[in-house]
Amino acid sequence: MQSHPDSAHSGSRRVAIAQIASPDDETPQERIERVEELLRRLEHVDLVTLPELWSAGYFAFDRYAERAESLDGPTVRMAQRVARHLSSEVHLGSIVERGADGQLHNTAVLVDASGRVVQTYRKIHVFGYQSQESQLLTPGHSLSVAAAALGATASTTCYDLRFPGLWQELSARGAETAIVPAAWPAARREHWRLLTQARAVEHQLWVIATNACGSQAGVELGGFSRVVDPSGRVVAECGDGEEVLIVDVDPAQVGTVRAEFPVIDDRLGIDDYRALSD
């Protein structure tokens, strides 16, 4: 377990980034039990984050239907237990959610310290390159910014990093922190590094990016989960294996950076750019 108390002071919040592997020979229930045991050992944290589809396994496409769960299913219930045990928020990454209409979604969930679900986000940009996600899962159609330990907090998921319009809308809605669970492959790790920093710089917000690691269905996951501050500086970063990274984050830094370099004040809205003449 690594600790980076880089920005610690009286107003800081302690974040635990759990970079988790989802090996093919481990069942979701075994993995949920293993991760719960790991997280319960944490102390004095305000937020715990996990990767995208870590319990189901992102690349277990042929198992999505059987591993789908509701918002009161085993992964969410585990996150609620951990949240209450630690008195900490838990962003459980995402699950394969089966909606009331039977459709499947890649759904991120944020649980508060009392165990209450305070935010859900169904991934909008489902991935289709060397992936069956876009064939199996239905995209979401809504965005959310919720009051949380790190200020006004948004969720985006993995491939969403590549779509600046989504991020501009979250910024326009007041987001000060973006939590990004991912199952980003090692083959495109440099894109991961570039885009997490670019989004932080563009919108002057904290990016808490939690990637999967290890191998799934013959695909090496990229690891290198990271925390990027509102100026684009990488405060802390994991390696390529399983670990829990502890980082102190100062939510007030968003206001400081935006006041010192007020680029957001000069930004036009998406419709304003579209209206420009050619």
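Residues numbered from 1 in each chain as written. Predicted model: local features only at pLDDT ≥ 70, side-chain atom pairs only at ≥ 80, totals over all residues. Heavy atoms only, no water.

Naming follows an unreviewed UniProt entry, where the protein appears as Carbon-nitrogen family hydrolase of Leucobacter alluvii. Looking at the Sequence similarities (unreviewed entry) heading of the UniProt record, one finds this comment for the protein: "Belongs to the carbon-nitrogen hydrolase superfamily. NIT1/NIT2 family." (UniProt positions renumbered as here; feature names shortened; annotations may be inferred.)

To continue, consider unusual backbone geometry. Within the chain, histidine 44 stands out as a residue other than glycine whose phi angle is a positive 55°. Mapped onto the secondary structure, histidine 44 falls in the loop between helix H1 (28-40) and strand E3 (47-49). By relative accessible area, histidine 44 is classed as exposed at 68%. Located in the positive-phi region is glutamine 130, a residue other than glycine, with phi close to 50°. Mapped onto the secondary structure, glutamine 130 falls in the loop between strand E6 (117-122) and helix H4 (133-136). With relative accessibility at 63%, the residue glutamine 130 sits in the exposed group. (Helix = DSSP H or I, 4+ residues; strand = E, 2+ residues; numbered from the N terminus. Buried < 20%, exposed > 50% of the residue type's maximum accessible area, 1.4 Å probe, protein only.)

Each full turn of the α-helix corresponds to 3.6 residues, which orients residues three or four apart in the same direction. Residues of helix H5 (residues 164-172) that are buried: Leu166, Trp167, Gln168, Leu170 and Ser171. Phi for glycine 174, located one or two positions after H5, is positive at around 100°.

Looking now at the packing of H1 against helix H3 (residues 74-86). The relative placement of two packed helices comes down to the angle between their axes together with the axis-to-axis distance. Running from N to C, H1 and H3 point in directions that differ by 10°, and their axes come no closer than 10 Å. Between H1 and H3, the interaxial angle falls into the category roughly parallel. For the pair H1 and H3, the contacting residues are Gln29, Ile32, Val35, Glu36, Leu39 and Arg40 in the first and Pro74, Thr75, Met78, Arg81, Val82, His85 and Leu86 in the second. (Axes fitted to C-alpha atoms, helices over the stretch in contact; angles between N-to-C directions. Parallel < 35°, antiparallel > 145°, perpendicular 65-115°, else oblique. Contact = heavy atoms within 4.5 Å.)

Moving on, we come to the pattern of salt bridges. Inspection of the entire model under this criterion finds 19 salt bridges. The closest approach of N and O atoms between glutamate 36 and arginine 81, which form a salt bridge, is 2.8 Å. Taken together, the residues glutamate 36 in helix H1 and arginine 81 in helix H3 connect sequence positions 45 residues apart. Overall, glutamate 36 belongs to the buried group, its relative accessible area being 11%. Linking glutamate 133 and lysine 123 is a salt bridge whose minimum nitrogen-to-oxygen distance equals 3.1 Å. Here the residue glutamate 133 occupies a position in helix H4, and lysine 123 occupies one in the loop between E6 and H4, the gap between them amounting to 10 residues. By the burial criterion, glutamate 133 is buried, and lysine 123 matches it. Within the structure, one salt-bridge network assembled from shared partners comprises Glu26, Arg31, Arg34 and Glu242. (Salt bridge = Lys/Arg side-chain N within 4 Å of Asp/Glu carboxyl O.)

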